[in-house]
Structure formats: structure tokens, C-alpha cells
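# Structural features, examined
Given next are the chains, with one letter for each unit.
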Amino acid sequence: MLSKIVAIFLVVVAVMGMFGKLRLPGREKLSNVKCPDCGRYRIGKGPCPCKSGKKEPR
């Protein structure tokens, strides 16, 4: 009984590993949303805070 549970667990982990290696269609878009100057992720459609002159609260 315990060996069946361990075997099923290992199969599930292997299947999850195969799905994790798939190329997702949105992955390339995520790499393009970084600011080319500072490297931070831009959220929304506006300019990056490093270009707009706004200071972020800390």
C-alpha cells in the first residue's frame, strides 16, 4: 500500500516536471516588459518611473 502511494507520488512529480519544461506563449512577453535602462519590470502602459521623474516611496 505504501509503495503504491510512493509510486503515484513519483509519477505525479515527473508529470509536473514535464509540464514545467513546456514553452509557455506568454513567457516572451514577460521578458519584453522590463525597462531597458534600469531593468525593473514595468507595470501598466505608462513609462517607467526612472524616466518619468517620479520617486518611489520607501
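What counts as what
- Residues numbered from 1 in each chain as written.
- Predicted model: local features only at pLDDT ≥ 70, side-chain atom pairs only at ≥ 80, totals over all residues.
- Heavy atoms only, no water.
- Helix = DSSP H or I, 4+ residues; strand = E, 2+ residues; numbered from the N terminus.
- Buried < 20%, exposed > 50% of the residue type's maximum accessible area, 1.4 Å probe, protein only.
- Areas by Shrake-Rupley, 256 points an atom, 1.4 Å probe, with all protein chains shown as cover.
- pLDDT = per-residue confidence, 0-100.
- Expected span 1.5 Å × (residues − 1).
- Patch = residues over 30% accessible without salt bridge, like charges linked within 9 Å, V, L, I, M, F, W, Y side chains within 5 Å.
- Salt bridge = Lys/Arg side-chain N within 4 Å of Asp/Glu carboxyl O.

### Section: the overall build of the chain
Check the secondary structure of the chain and you find three helices and zero strands. Reading the chain from its N end, one meets helices and strands in the order α-α-α. Buried residues in the chain amount to 3% of all 58 residues. With the model as given, the accessible surface of the chain reaches about 5,800 Å², and the carbon-plus-sulfur share is 66%.

### A word on the environment of Pro 36
With respect to the helices and strands, the residue Pro 36 is situated in the loop between helix H2 (27-32) and helix H3 (49-52). A residue is classified by how much of its surface remains accessible, and Pro 36, at 69% relative accessible area, is exposed. Sequence spacing of Pro 36 and Cys 48 is 12 residues, and the spatial spacing of their C-alpha atoms is 9.6 Å.

### Description of the confidence of the model for the chain
In low-pLDDT segments, the atomic positions of the prediction should not be examined closely. Scored by pLDDT, the chain has a mean of 78; 71% of the residues are at 70 or more. Here H2 stands out as the element of the chain with the lowest mean pLDDT, 63, in contrast to helix H1 (residues 2-20), whose mean of 92 is the highest.

### Regarding H1
In an α-helix there are 3.6 residues to a turn, and that puts residues three or four apart on one side. Helix length check: H1, at 19 residues, gives a terminal C-alpha distance of 27 Å against a target of 27 Å (1.5 Å per residue), a fit within 8%. A small share of H1 lies buried, amounting to zero of its 19 residues.

### Topic: a nonpolar patch on the surface
A cluster of nonpolar side chains, contributed by Met 1, Leu 2, Ile 5, Val 6, Phe 9, Leu 10 and Val 13, occupies part of the molecular surface with about 770 Å² of accessible area. Structurally, Val 6 can be placed in helix H1.

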